[in-house]
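Coordinates in review
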Amino acid sequence: MLDIPLWKRLLILGIIALGLLCAMPNLFYSRVEQHNDAIAAVERNGFETPEEAEARAGWPDWLPSGLVNLGLDLRGGAHLLGEVHVQDVYKARMDALWPELRDALVAQREVVGAVRRVQAPDGQLAVEIGNPDQMAKAVEIARGLATPVTSLSGAGQSDLAVSANGSRLIVQLSDAEKAATDDRTVQQSLEIVRRRIDEVGTREPTIQRQGKDRILIQVPGIGSAEELKELIGTTARLTFNPVISRTSDANARPGMGNVLLPSMDEPGVYYVIEESPVVTGEDLTDARPSFDQNGQPSVDFRFGPSGAKRFGAYTSANIGQPFAIVLDDQVISAPVIRQAITTGSGQISGSMNVEDSTRLAVLLRAGALPAEMTFLEERTIGPELGQDSIDAGRLSSVIATVAVVAYMIASYGFFGAIASIAVIINVILILAVMSMMGATLTLPGIAGIVLTVGTAVDANVIIYERIREELRAGKRVVKAIDDGFNEAMSAIIDANVTSFIAAMVMFFLGSGPVKGFAVTLTIGLVTSVFTAIYLTRLMIVFWLQWRKPKELIL
Amino acid sequence: MAFRLKLVPDNTSYNFFRWQWLTFGISALAMVASVVIVLVMGLNFGIDFKGGTTIRTESPTAFEVGDYRQALNNLDLGDVSITEVFDPSFGETKHVAMVRIGSTDKTGSVTPEQLNEIKAALKTVDPEVAFPAVESVGPKVSGELVMTAFYAVGAATLGIMLYIWLRFEWQFALGAVVSILHDVLLTVGIFSLFQLKFDLTTIAALLTTLGYSVNDTVVVFDRLRENLIKFKTMPLIDVMNLTVNETLSRTIMTAVTTALALGAMMIFGGDVIRGFVFAMLWGVFVGCYSTIYVAKNIVLWLGVKRDWTKPGPKEKSDVEDIPAAFRDAP
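Worth saying up front: this structure is predicted, and the values here are computed from it rather than measured.

Secondary structure assignment for chain A yields 16 helices and 19 strands. Against the compact-globule benchmark of 24 Å for 554 residues, chain A has a radius of gyration of 34 Å, which places it well outside the compact range. With respect to the principal axes defined by its C-alpha atoms, chain A has extents near 110 × 65 × 40 Å. When the 554 residues of chain A are sorted by exposure, 42% land in the buried category.

Encoded structure:
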């Protein structure tokens with residue numbers, strides 16, 4: 001065990017040198033961070049401002065520039081866990097299917113009789129048919145509208161589940177299609193959320209899908225979760241619908257195909273509007289905050305060609321009629337059409353302040369969420385609290401290291417000093433690996449590093465205690481050290497594997513800070529085995545070859 | 001001769017089984033007591049597990065918890081608790097409190113409007129107050145987190161048990177699991193006894209403790225296996241005593257270095273992390289105890305295979321003078 005070939009020595013020292021190099025940027029955290037930000041900005045914008053050039057020059061390009069990411073609890077920021085209401089989409093799909101199904105059934109009117117849509121739970125389309133004995137034909141027609149599911153797991157299955165109950169034909173999405181739709185809805189929501197957060201330009205947001213229908217959003221540096229929620233929690237579904245009537249009766253019956261929606265600004269005022277919109281927010285190509293002719297904040301928008309055409313056709317056919325601008329089931333305003341709007345652009349005004357109009361413009365540009373999102377978890381950590389935690393973590397790490405080093409040297413003398421060097425290099429290696437992986441350091445993660453300082457010496461302790469025993473048994477120095485390392489090996493491996501199992505469980509089941517802790521712990525286990533087995537041995541071998549000791553007091 | 005700090009002298013020969021009924025009795029009693037305490041007093045669950053909102057307040061001037069409570073009483077928030085937080089690093093100009101509001105309705109946490117009302121109400125009593133951290137968790141998530149925590153502890157225990165079973169024998173695995181159970185129960189027990197906040201990080205601490213405790217146990221087992229091969233005819237109880245004595249120095253040494261590191265974190269690491277570090281520190285002590293007094297007692301009672309050179313207990317000559325209770329079942 002004690003003859004270490006030259007290539008192995010070089011490899012061990014090389015790994016440590018690489019570790020030192022990769023951990024170094026963390027010493028100059030803010031400078032390297034500005035350097036990295038500047039590079040990212042240049043890539044994004046395609047040009048470089050003098051400030052960016054200066055920030056970039058603050059750190060040489062040829063040095064590693066990976067940093068340990070600081071978690072929200074250390075940097076401050078907002079954390080949200082949102083749940084996407086994937087079922088919203090089922091209803092929209094059924095509503096969209098109705099005209100198609102109606103036309104198909106009406107074409108066979110002499111067989112199935114009169115058709116009428118009846119009340120059904122959301123996500124189901126129930127149709128009453130005139131000739132219940134011809135239900136088989138109706139089912140066949142409905143099935144004819146189905147298409148195969150386009151997903152890997154559900155391939156080959158139909159997207160509609162059609163059943164009959166007495167005179168009622170019930171259509172809903174099949175389970176395979178529901179799964180595929182859910183997946184798409186969450187993906188889309190994720191994309192929209194990302195676009196909205198990018199629009200306001202905060203740095204390094206984390207936007208991840210979690211589980212089946214959840215989205216985790218972490219934005220460092222933002223003032224509060226409330227702010228973030230206003231930005232991403234709004235569905236922002238904008239539609240332009242024909243107005244049937246205006247009423248103050250909250251219980252008015254809108255009639256089939258119409259809906260009753262409240263006005264956003266005028267309390268107690270309701271509008272009955274046609275449910276299917278003329279144009280929607282999806283037809284928009286641009287939206288900008290501006291001011292209307294009265295100097296009130298408003299939003300200017302522009303339609304794409306097809307939206308502009310439809311909007312132009314509708315407005316020229318309905319001059320003198322009101323139409324409603326609807327945002328998330330509230331009527332922003334219901335102006336009367338004075339002339340055909342064929343330019344494809346328009347203006348939304350209502351009672352809003354500059355902040356509202358700016359936000360609305362961002363939301364309209366980024367697009368609407370495909371389904372509503374509610375928040376299950378929100379956390380805001382102020383940057384000062386994060387800085388306090390960093391300072392406390394740094395202070396306690398230093399004190400912990402000093403205490404452990406002092407104790408090790410008092411217990412094992414020179415060998416204790418060797419183990420201490422190994423422990424300090426171990427901490428540096430943890431930071432190096434985290435920087436290379438871009439892993440996130442959390443406050444429990446700092447505790448994990450401190451814990452590693454305490455436990456990393458364990459492997460050395462096992463080895464040293466073993467060497468002591470071998471020496472007491474009368475073995476010569478070199479033999480005792482050799483046997484000490486050999487015999488201690490299985491205990492070290494077994495002991496670390498069990499800790500590793502616990503860390504893995506935490507990694508897979510934990511979230512946020514706990515996950516950060518598990519990452520640090522796992523990296524710490526690997527690096528501590530490396531430093532204890534390879535580095536300490538190498539240092540001891542160097543010492544043996546240099547001093548050739550005849551006796552050893554350990 | 002150079003000075004060496006030795007907490008454990010060389011070549012000890014303590015009889016760790018002398019009081020085995022007492023020590024094991026104490027362990028068993030402590031486990032039962034923990035369960036009773038948890039059942040009677042319950043755990044002070046954090047919002048991770050119970051849902052609700054916590055607001056951390058920070059003010060340069062001293063405040064009365066009563067004033068804060070008075071200010072919030074008018075808001076109809078339901079279950080509100082306010083605790084002042086102390087830390088040596090705060091000094092004279094930093095006064096911190098944690099305001100916790102239980103989950104008010106089905107959607108869980110307080111609404112943004114309520115949050116603003118709370119902040120405004122606290123500002124009227126203490127105009128300089130700031131809110132460095134606000135966290136809320138809905139009951140849906142907290143319910144899942146409770147399950148996740150259970151799964152985590154279960155999965156870790158199972159994984160460790162399997163590994164020890166593979167590397168050693170089932171008796172060792174069982175011994176390790178009983179000592180894990182011991183450590184987990186005692187940690188949960190002390191959190192209940194002192195009504196410390198029990199949240200997701202506590203579970204992380206528990207899992208770490210669990211890894212540490214088993215780590216400790218495994219080192220002893222490893223040496224035990226070695227000694228069982230070396231001293232084939234020595235009674236199991238003596239082999240065990242020898243093993244624990246041989247590894248005692250290491251057990252204490254590692255416990256001390258770990259306790260030193262965690263102790264530094266506990267004192268200087270700030271109040272945010274203190275509960276987490278306390279759980280681990282306590283775990284180190286309990287784990288150390290269970291290594292010496294719980295895990296191997298189980299193995300002793302279950303008996304163990306004595307011949308490690310060949311598969312299966314075949315060579316009768318080696319087991320002749322071992323008490324029947326410690327022999328392998330045929």
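Continuing now.
Turning next to the overall build of chain B. For chain B, the count of helices and strands is ten helices and six strands. When the 330 residues of chain B are sorted by exposure, 44% land in the buried category. Summarising the internal contacts of chain B: among those between residues at least 6 apart in sequence, 78% fall at separations of at least 24.

Residue and element names in this part refer to chain A. Strand order in this open sheet of three strands is E13-E14-E17, and the pairing throughout is antiparallel. Of all strands in the sheet, those with a lone pairing partner are strand E13 (284-291) and strand E17 (345-349), marking the two edges. Averaged over all pairs of adjacent strands, the angle between strand axes in this sheet comes to 25°, irrespective of strand direction.

In this assembly, 58 residues from chain A lie in contact with 59 residues from chain B. Mapped by element, the contributors of at least two residues to the side of chain A that touches chain B are strand E18 (373-381), helix H12 (383-412), helix H14 (443-472), helix H15 (477-509) and helix H16 (512-547) of chain A. Per element, the largest residue contribution to the side of chain A that touches chain B is 15 residues, and it comes from H12(A). Its residues placed into classes, the side of chain A that touches chain B shows 35 nonpolar, 13 polar and ten charged.

We now examine helix H5 (residues 139-167) of chain B. Between the first and last C-alpha of H5(B) there are 42 Å, a value that for 29 residues agrees with the 42 Å anticipated at 1.5 Å per step. Among the residues of H5(B), Val141(B), Ser142(B), Leu145(B), Ala149(B), Ala152(B), Val153(B), Ala156(B), Thr157(B), Ile160(B), Met161(B) and Ile164(B) are the ones counted as buried.

Interaxial distance between H14(A) and helix H8 (residues 236-268) of chain B falls to 9 Å at its minimum, and their mutual angle equals 160°. Put simply, H14(A) runs roughly antiparallel to H8(B). As for the relative orientation of H14(A) and H8(B), their crossing is right-handed in sense. On the side of H14(A), the interface is formed by Ala447(A), Val450(A), Leu451(A), Val453(A), Gly454(A), Thr455(A), Val457(A), Asp458(A), Val461(A), Ile462(A) and Glu465(A), while H8(B) contributes Ser249(B), Arg250(B), Met253(B), Thr254(B), Thr257(B), Thr258(B), Leu260(B), Ala261(B), Leu262(B) and Met265(B). Classifying every residue of the contact of H14(A) with H8(B) by side-chain character gives twelve nonpolar, six polar and three charged.

Here chain A is partitioned into domain 1 (6-25 + 66-74 + 383-547), domain 2 (87-180) and domain 3 (237-349). On a C-alpha basis, the centroid separation for the pair domain 1 of chain A and domain 3 of chain A is 65 Å.

This paragraph deals with unusual backbone geometry. With a phi close to 40°, Lys548(A) is a non-glycine residue in the positive phi region. Inspection of the secondary structure assignment puts Lys548(A) in the segment after H16. Looking at Lys548(A), the number of C-beta atoms within 10 Å reads 9, which means it is exposed. A positive phi angle is found at Gln195(B), which is not glycine, with a value near 50°. As for its position among the elements, Gln195(B) is in the loop between helix H6 (170-193) and strand E6 (197-198).

Turning our attention to the pairing of strand E14 (residues 297-303) of chain A. All names here are of chain A. As paired elements, E13 and E14 share seven bridges and run antiparallel to each other. The partner of Asp286 across the bridge, within E14, is Arg302. Note that E14 and E17 share five bridges and pair antiparallel. Each residue of the ladder has a partner; that of Phe301, found in E17, is Gly346.

Each assigned domain of chain B is listed with its residue range as follows: domain 1 (20-44 + 142-326) and domain 2 (56-137). Computed over C-alpha atoms only, the centres of domain 1 of chain B and domain 2 of chain B are separated by 41 Å.

Here we come to the confidence of the model for chain B. All names here are of chain B. Confidence along chain B averages 84 in pLDDT terms, with 90% of residues attaining 70 or more. Here residues 312-330 is modelled with pLDDT under 50, and outside its nearest four sequence neighbours on either side it reaches 23 contacts, counting other chains as well. Across the assembled chains, the prediction reports ipTM 0.84 with pTM 0.80.

Next up on the list: the environment of Asn297(B). Residues and elements named next belong to chain B. For Asn297, the position within the fold is in helix H9 (residues 274-302). Remark: the alpha-carbon pair of Asn297 and Trp21, spanning 276 residues in sequence, is separated by 9.7 Å. Ignoring sequence-local partners within four residues, the contact set of Asn297 consists of Gln20 and Phe24.

Here we come to the packing of H8(B) against H9(B). Residues and elements named next belong to chain B. As a packed pair, H8 and H9 sit with axes 10 Å apart at the nearest point and diverge in direction by 180°. Judged by the angle between their axes, H8 and H9 are roughly antiparallel. In contact with Leu236, Ile237, Met240, Val244, Thr251, Ala255, Thr258, Ala259, Leu262, Gly263, Met265 and Met266 of H8, H9 contributes Arg274, Val277, Phe278, Met280, Leu281, Val284, Cys288, Thr291, Ile292, Lys296 and Leu300.

Across the sheet, eight strands lie side by side as E7(A)-E8(A)-E2(A)-E18(A)-E5(B)-E2(B)-E4(B)-E3(B); this open sheet has antiparallel pairing. Looking along the sheet, the strands with just one partner apiece sit at the ends: strand E7 (206-210) of chain A together with strand E3 (80-85) of chain B. This sheet shows a mean twist of 20° between the axes of neighbouring strands, independent of strand direction. Examined bridge by bridge, strand E2 (residues 52-59) of chain B and strand E4 (residues 95-101) of chain B share seven bridges and lie antiparallel to one another. Note on E4(B): the bridge partner recorded for Thr57(B) is Ala97(B). Here helix H3 (residues 65-73) of chain B sits on the sheet and contacts E3 and E4 of chain B; the angle it forms with E3(B), its principal contact strand, is near 155°. Contacts from H5(B) reach strand E2 (77-84) and E18 of chain A together with strand E5 (130-137) of chain B, with the element oriented near 75° to E18(A).

Basis of the calculations
- Residues numbered from 1 in each chain as written.
- Chains lettered and ligands numbered in written order.
- Predicted model: local features only at pLDDT ≥ 70, side-chain atom pairs only at ≥ 80, totals over all residues.
- Helix = DSSP H or I, 4+ residues; strand = E, 2+ residues; numbered from the N terminus.
- Rg over C-alpha atoms; globule rule 2.2 N^0.38 Å.
- Buried ≥ 20, exposed ≤ 12 C-beta atoms within 10 Å, placed from the backbone.
- Contact = placed C-beta atoms within 7 Å.
- Pairing = 2+ DSSP bridges.
- Axes fitted to C-alpha atoms, helices over the stretch in contact; angles between N-to-C directions.
- Nonpolar A, V, L, I, M, F, W, Y, C, P; charged D, E, K, R; others polar.
- Expected span 1.5 Å × (residues − 1).
- Parallel < 35°, antiparallel > 145°, perpendicular 65-115°, else oblique.
- Left-handed = near helix turned anticlockwise from the far one by under 90°.
- Domains from an automatic or database assignment.
- pLDDT = per-residue confidence, 0-100.

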